[in-house]
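Structural overview for review
The primary structure of each chain is shown beneath.
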Amino acid sequence: MKHLVALLAALAFAASATVHAAAPDPQRDRQSILAMQGEYLVDFAFDETVLLKPGYERASAMRSGGDEVVIVVEDTPGKVVLQHLLVDARSGHVTKHWRQDWIYEAKQRFEFTGDQTWTVHAIPAELTRGAWTQCVYEVSDAPRYCGTGRWTYDNGVATWTSDLSWRPLPRREHTTRSDYNALSVVNRHTLTPGGWTHEQFNTKVLRKTDGSHEEIAREFGFNDYQKDTDVDFGPAYRYWEGTQDYWARVRARWDRFLSQPPGLHLKTKVDGMAMIIPLFTQAGEEEQGGKVADAKIDEVFAKWVEPAR
């Protein structure tokens, strides 16, 4: 089974490189991005495939899932912002999850460079021409990674494939792994009859202080979003209605660091809880009808965020 997973991942990645050139159609692309909104049952699966470090033993496969709604936060011809919210089907508890921003022919993007640092770089014209840059943010709206690629529609299948880029350790492993400190990743999103999928072609890398890299293992990640009509997502919509203005103010503060070089450095631990807890607490106050002063948000950022060195 492990060898089958590795083979399927390799074949899928190879297939992504075989793309038929077509004239850009940004409005068709935008509709493909917007098609990811909705209510879903999500399965997350991660399998280490190719082992690259001598003596390394394959880690156990990881499986999880949940019920998630994807809400459109912003929709313009050149930019789409999608917010993910998790809902516990039994209790109705809502957790603000990750966010994905899509920008057409973006001029720059941020990239993880190590040690809780993301730096902003220009995107080469030949890479961004006709392409969409997807940037992903974690629950606090702190940066995670960006990728740039074109949507294709071969045989009627809408697929976006990114270039190779860096991202930090995923939350599922940063508390259990110390043998690598970055992922080299190609991401692929595909629309399916029942929803959409997110494939990740990951290489686990130890980036050393002398600038050298040691590749540990390759991993295939598969996130499957299937339309879900059995769960009441009302709590998620009510949460977002009560907190969206607050989170817009938080995003604006992150943008001050990520809209231009050099980028930012987080002074928090890798888990980011030093910012997640106060920001979620403040969001909760607004959800209950209160109003958090801008100065309170600024205090959190002043304590934990600084320009990249």
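Note that the structure is predicted; figures quoted are calculated from it, not measured.

This part takes up the overall build of the protein. Each helix and strand counted, the protein has 6 helices and 16 strands in total. Each of the three principal axes of the protein carries a C-alpha extent, and together these read 55 × 45 × 45 Å. In the protein, which comprises 309 residues, the proportion classed as buried is 51%. Within the protein, contacts between residues separated by at least 24 positions form 63% of all contacts whose residues are at least 6 apart in sequence. Roughly 14,800 Å² of accessible area belongs to the protein as shown, and the carbon and sulfur atoms make up 54% of that amount. Averaging the locations of the 36 positively and 43 negatively charged side chains of the protein gives two centres separated by 4 Å.

To continue, consider the layout of surface pockets. Volume-wise, the largest pocket comes out at about 670 Å³. Of the residues belonging to the lining of the largest pocket, the class tally is 12 nonpolar, 7 polar and 6 charged.

All told, the structure shown has 1 disulfide when counted by the stated rule. Bridging Cys-135 to Cys-146, the disulfide has an S-S length of 2.0 Å. Residues Cys-135 and Cys-146 share a disulfide whose torsion about the S-S bond is about 105 degrees; that sign makes it right-handed. Of the two residues, Cys-135 is situated in strand 7 (residues 132–137) and Cys-146 in strand 8 (residues 143–149); the sequence distance between them amounts to 11 residues. The exposure class assigned to Cys-135 is buried, which follows from its relative accessible area of 9%. What makes Cys-146 buried here is its relative accessible area of 1%.

This part takes up the pattern of salt bridges. For the structure on display, the rule yields 22 salt bridges. The closest approach of N and O atoms between Glu-138 and Arg-171, which form a salt bridge, is 2.7 Å. Highlighted residues: Glu-138 in the loop between strand 7 and strand 8 and Arg-171 in the loop between strand 11 (165–167) and strand 12 (182–192), separated in sequence by 33 residues. Residue classification places Glu-138 among the buried positions, given a relative accessible area of 11%. Residue Arg-171 is classed as partly exposed on the basis of its relative accessible area of 38%. Across the salt bridge formed by Glu-219 and Lys-204, the nearest N and O atoms sit 3.2 Å from each other.

Turning to the sheet that holds strand 16 (residues 305–307), a few remarks are in order. Strand order in the open sheet made by the 4 strands is 5-6-15-16, with antiparallel pairing throughout. Looking at strand neighbours, the two that pair on one side only are strand 5 (108–114) and strand 16, the edges of this open sheet. Averaged over all pairs of adjacent strands, the angle between strand axes in this sheet comes to 30 degrees, irrespective of strand direction. Strand direction decides the pairing type here: strand 6 (residues 117–122) and strand 15 (residues 263–266), joined by 3 bridges, are antiparallel. Residue pairing for strand 15: Thr-117 is matched across the bridge by His-265. Sheet contacts for helix 4 (residues 234–258): strand 5, strand 6, strand 15 and strand 16; angle to strand 15, the most-contacted strand, approximately 115 degrees.

A large share of strand 7 lies buried, amounting to 6 of its 6 residues. The two faces of strand 7 match: Trp-132, Gln-134 and Val-136 on one face and Thr-133, Cys-135 and Tyr-137 on the other face are all buried. Pairing of strand 4 (residues 94–104) with strand 7 involves 6 bridges; the strand directions are antiparallel. Its bridge partner lying in strand 7, Tyr-104 is registered against Trp-132. Pairing geometry for strand 7 and strand 8, over 6 bridges, is antiparallel. Residue pairing across strands places Trp-132 opposite Gly-149, the latter belonging to strand 8. Remark: 5 residues form the turn of the hairpin made by strand 7 and strand 8, two consecutive strands paired antiparallel; Asp-141 in that turn has positive phi of roughly 75 degrees.

Looking at soluble globular proteins, one finds that nonpolar side chains tend to be buried together. Counting 37 residues, the largest nonpolar core has Trp-254 and Phe-301 as the members making the most contacts within it. With 9 residues, helix 4 is the largest single contributor of residues to this core. Sequence-distant contacts of Phe-301, defined by excluding residues within four places in its chain, comprise Val-250, Arg-253, Trp-254, Phe-257, Met-275 and Leu-279. Core analysis: the next-biggest nonpolar cluster, separate from the first, contains 22 residues, Ile-33, Val-42, Trp-98 and Trp-102 among them.

The next thing to look at is the side chain of Asn-202. Locating Asn-202 in the fold gives a position in strand 13 (residues 195–207). When sequence neighbours within four positions are dropped, the list of residues in contact with Asn-202 reads Phe-46, Arg-172, Leu-183, Ser-184, Val-185, Ala-217, Arg-218 and Glu-219.

Reading guide: rules and limits
Residues numbered from 1 in each chain as written. Predicted model: local features only at pLDDT ≥ 70, side-chain atom pairs only at ≥ 80, totals over all residues. Heavy atoms only, no water. Helix = DSSP H or I, 4+ residues; strand = E, 2+ residues; numbered from the N terminus. Buried < 20%, exposed > 50% of the residue type's maximum accessible area, 1.4 Å probe, protein only. Contact = heavy atoms within 4.5 Å. Areas by Shrake-Rupley, 256 points an atom, 1.4 Å probe, with all protein chains shown as cover. Lys, Arg positive; Asp, Glu negative; His and termini not counted. Charge placed at Lys NZ, Arg CZ, Asp CG, Glu CD. 1 Å grid on protein atoms, 1.4 Å probe; cavity = no way out; pocket = protein on both sides within 12 Å on 5 of 7 lines; lining within 4 Å. Points joined across faces, edges and corners; volume = space filled by probe spheres on them. Nonpolar A, V, L, I, M, F, W, Y, C, P; charged D, E, K, R; others polar. Disulfide = S-S within 2.5 Å. Salt bridge = Lys/Arg side-chain N within 4 Å of Asp/Glu carboxyl O. Pairing = 2+ DSSP bridges. Axes fitted to C-alpha atoms, helices over the stretch in contact; angles between N-to-C directions. Core = buried A, V, L, I, M, F, W, Y, C linked by side-chain atoms within 4.5 Å.

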